[in-house]
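Observations on chain architecture
One-letter residues, chain by chain:
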Amino acid sequence: MPIRFELFGTMIFLFGTDLVNMAVALLLFGGIVAFVKFTKGGIAIRATAEDQSTAYSMGISVPKVFSRAWVLASTTGAIAGAILATRNGISPSLGLFGFSVLAIVLMGGLDSYVGVLIAAMVVGVLEAMTQWQMGGGWAEIVPYVTVLVVLIWRPHGLMGQKEVERI
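Heads up: these notes are all about the structure in this document. Since the structure is predicted, the reported quantities are computational estimates derived from the model, not experimental observations.

Considering the environment of Met107
- Topologically, Met107 is positioned in helix 5 (residues 97-108).
- On the basis of relative accessible area, Met107 is assigned to the buried category, the value being 2%.
- Measuring from C-alpha to C-alpha, the distance between Met107 and Trp132 comes to 23 Å, with 25 residues separating the pair along the chain.
- Setting aside residues no more than four positions away along its own chain, Met107 makes contact with Ala119, Val122, Val123, Thr146, Val147, Val150, Gly157 and Leu158.

Right, dumping it as structure tokens:
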């Protein structure tokens, strides 16, 4: 049975699978942020992303870091695919979802976890509202229009930082 409540005069239904999926996604997000911020492997990933030559000179094995980052990314993608499959089923169009994810990452800022989380929530709400008011076809363009507006206003994303080059 779904959880029902009224918001702005409209009935909202939340299903148990959606709540479980949201909890899994938030735990995964928190785990990745903690891994990248607080472990040696995460610090090596950040150092390599910042400057590969300096990471090499500090004794970091950059090829190992690349492989760890790819394993982390593919594991995250597999879990996200499993979460999406519980909602929409498995189809060839499931891969198109990745394009909207790219727009969300650009919108949040390539170097900001919090910015990406905020961007994902904003896009999700905007997609739902657009689908409710204008239909499903219009909801598909929401991430791209939103990222375009944000990048015109803030070229580094919502919470991204401008890169400073020091000599």
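Now that the structure has been shown, the text picks up again.
A few points about a nonpolar patch on the surface
- There is a patch of nonpolar side chains on the surface, built from Ile3, Phe5, Leu7, Phe8, Leu14, Leu19, Met22, Leu26 and Met121 and spanning about 860 Å² of accessible area.
- Looking at the nonpolar patch, the elements that each hand over two or more residues are strand 1 (3-7) and helix 1 (16-38).
- Structurally, Leu14 is set in strand 2 (residues 10-14).
- Its relative accessible area of 31% is what places Leu14 among the partly exposed residues.

Things to note about the nonpolar core
- Core analysis: the biggest nonpolar cluster contains seven residues, these being Ala103, Ile104, Met107, Ala119, Val123, Val147 and Val150.
- Counting only elements with at least two residues in this core, the list comes to helix 5, helix 6 (113-134) and helix 8 (142-153).
- When residues in this core are grouped by element, the largest group, three residues, is from helix 5.
- Apart from the residues lying within four places of it in its own chain, the contact partners of Val150 are Met107, Gly157 and Leu158.
- Grouped together as the second largest cluster of nonpolar side chains are six residues, Ala44, Ala55, Ile60 and Val65 included.

Each value, and the rule that gives it
Residues numbered from 1 in each chain as written. Predicted model: local features only at pLDDT ≥ 70, side-chain atom pairs only at ≥ 80, totals over all residues. Heavy atoms only, no water. Helix = DSSP H or I, 4+ residues; strand = E, 2+ residues; numbered from the N terminus. Buried < 20%, exposed > 50% of the residue type's maximum accessible area, 1.4 Å probe, protein only. Contact = heavy atoms within 4.5 Å. Patch = residues over 30% accessible without salt bridge, like charges linked within 9 Å, V, L, I, M, F, W, Y side chains within 5 Å. Areas by Shrake-Rupley, 256 points an atom, 1.4 Å probe, with all protein chains shown as cover. Salt bridge = Lys/Arg side-chain N within 4 Å of Asp/Glu carboxyl O. Core = buried A, V, L, I, M, F, W, Y, C linked by side-chain atoms within 4.5 Å.

Nothing here speaks to function; it is all geometry.
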